[in-house]
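Observations on chain architecture
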Amino acid sequence: ETGVTQSPTHLIKTRGQQVTLRCSSQSGHNTVSWYQQALGQGPQFIFQYYREEENGRGNFPPRFSGLQFPNYSSELNVNALELDDSALYLCASSRGLAGVREQYFGPGTRLTVT
Amino acid sequence: SQELEQSPQSLIVQEGKNLTINCTSSKTLYGLYWYKQKYGEGLIFLMMLQKGGEEKSHEKITAKLDEKKQQSSLHITASQPSHAGIYLCGADRGNSGGSNYKLTFGKGTLLTVNP
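No experiment lies behind these values; they were computed from the predicted model shown. (Residues numbered from 1 in each chain as written. Chains lettered and ligands numbered in written order. Predicted model: local features only at pLDDT ≥ 70, side-chain atom pairs only at ≥ 80, totals over all residues. Heavy atoms only, no water.)

In terms of regular secondary structure, chain B is built from zero helices and 11 strands. Counting from the amino terminus, chain B carries its helices and strands in the arrangement β-β-β-β-β-β-β-β-β-β-β. Relative to a compact globule of 115 residues, whose C-alpha radius of gyration would be 13 Å, chain B shows 14 Å and is just as compact. Seen through its C-alpha atoms, chain B measures out along the principal axes to roughly 50 × 30 × 25 Å. Per-residue burial over chain B gives 46% buried out of 115 residues. Per element, the accessible surface of chain B, about 5800 Å² overall, is 48% carbon and sulfur. When the 13 basic and 10 acidic side-chain charges of chain B are each reduced to a single mean position, those positions are 2 Å apart. (Helix = DSSP H or I, 4+ residues; strand = E, 2+ residues; numbered from the N terminus. Rg over C-alpha atoms; globule rule 2.2 N^0.38 Å. Buried < 20%, exposed > 50% of the residue type's maximum accessible area, 1.4 Å probe, protein only. Areas by Shrake-Rupley, 256 points an atom, 1.4 Å probe, with all protein chains shown as cover. Lys, Arg positive; Asp, Glu negative; His and termini not counted. Charge placed at Lys NZ, Arg CZ, Asp CG, Glu CD.)

Structure representation (structure tokens):
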């Protein structure tokens, strides 16, 4: 196990609703990245937070937003849910801006939008 | 088209057999990562390759990087049921105009090992 935890494990929402997913980073890590993995696909980068500020963003619409807290845990918020948002959402934590080589992934949150 | 193409998409082997999974990039590779994922779970880091010709091994898994071909291979020797899962390659695009903060992944290869 990596020490990165995510909650909840599973979630079912209705189209149009809003959802918040949570990630606790590994001890000593101050960077959190979020990825979306649709069924049968590889993870797609959503965004990264470093010391409470967004440090990069992938090709996702503004209804995907995030936060990082002083303890370096993070939230991913998705507004106006669409059916295509159904996916496994993974967070990865790392120390500083050392790049991806030190990223450790959590177990993921499975979101189903009906 | 995908930046990273993995082949095959799926693979079924008999326990004890050797197998190879390939990952080809359409762009320059600064770092190539291999992960294993059990269905619906998080990613487990296997290996990172950075230099052309680099080869790394861990237990029965060996990965190689051919920088000129922009390609990496993952080889499993004497496969076991515990090797079953989805193998993902990820590319670090490096500092070409931005910080190397994200991984770009292939679609994965689903490996089944029959006892």
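Locating A:G42 in the fold gives a position in the loop between strand 4 (31-37) and strand 5 (44-50). Using a relative accessible area of 3% as the deciding quantity, one classes A:G42 as buried. Not counting chain neighbours up to four residues away, the residues in contact with A:G42 comprise A:Q36, A:Q37, B:L88, B:F105, B:G106 and B:K107. (Contact = heavy atoms within 4.5 Å.)

Within a sheet, neighbouring strands are paired by backbone hydrogen bonds and run either parallel or antiparallel to one another. Residues and elements named next belong to chain A. Pairing in this open sheet of four strands is antiparallel, and the strands run 1-3-8-7 from one edge to the other. The open sheet is flanked by strand 1 (5-7) and strand 7 (64-68), the only strands paired with a single partner. Neighbour to neighbour, the strand axes of the sheet diverge by 20° on average, direction disregarded. As defined by bridge partners, strand 1 adjoins strand 3 (residues 19-24) across three bridges and the pair is classed as antiparallel. Bridged to S7 within strand 3 is R22. (Pairing = 2+ DSSP bridges. Axes fitted to C-alpha atoms, helices over the stretch in contact; angles between N-to-C directions.)

In this assembly, 23 residues from chain A lie in contact with 20 residues from chain B. Interface of chain A and chain B: buried area, both sides summed, is about 1700 Å²; carbon and sulfur atoms make up 53% of it. The interface formed by chain A and chain B includes zero salt bridges. At the level of elements, strand 4, strand 5, strand 6 (53-57) and strand 9 (87-94) of chain A are the ones that each hand at least two residues to the side of chain A that touches chain B. (Buried area = accessible area lost by both parts, 1.4 Å probe. Salt bridge = Lys/Arg side-chain N within 4 Å of Asp/Glu carboxyl O.)

What follows is about the pattern of salt bridges. Residues and elements named next belong to chain A. This model, assessed by the stated rule, comprises six salt bridges over all chains. A salt bridge links R63 to E82; its shortest N-O distance comes to 3.3 Å. Taken together, the residues span a long stretch of sequence, with R63 in the loop between strand 6 and strand 7 and E82 in the loop between strand 8 (74-78) and strand 9 at a distance of 19 residues. R63 sits in the buried class, given a relative accessible area of 16%. Taking relative accessible area as the criterion, E82 reaches 39% and is therefore assigned partly exposed.

Taken as a whole, this structure holds nine aromatic pairs over all chains when the rule is applied. Summarising the aromatic geometry, the rings of A:F47 and A:Y49 are spaced 5.4 Å apart at their centres and angled 85° between planes, so their arrangement reads as edge-to-face. Taken as a pair, A:F47 and A:Y49 share a single burial class, namely buried. Cluster of aromatic residues (ring-pair linked, three or more members): A:Y35, A:F45, A:F105, B:Y35, B:F45 and B:F105. (Phe/Tyr/Trp six-rings, centres within 6.5 Å; stacked < 30°, edge-to-face > 60°.)

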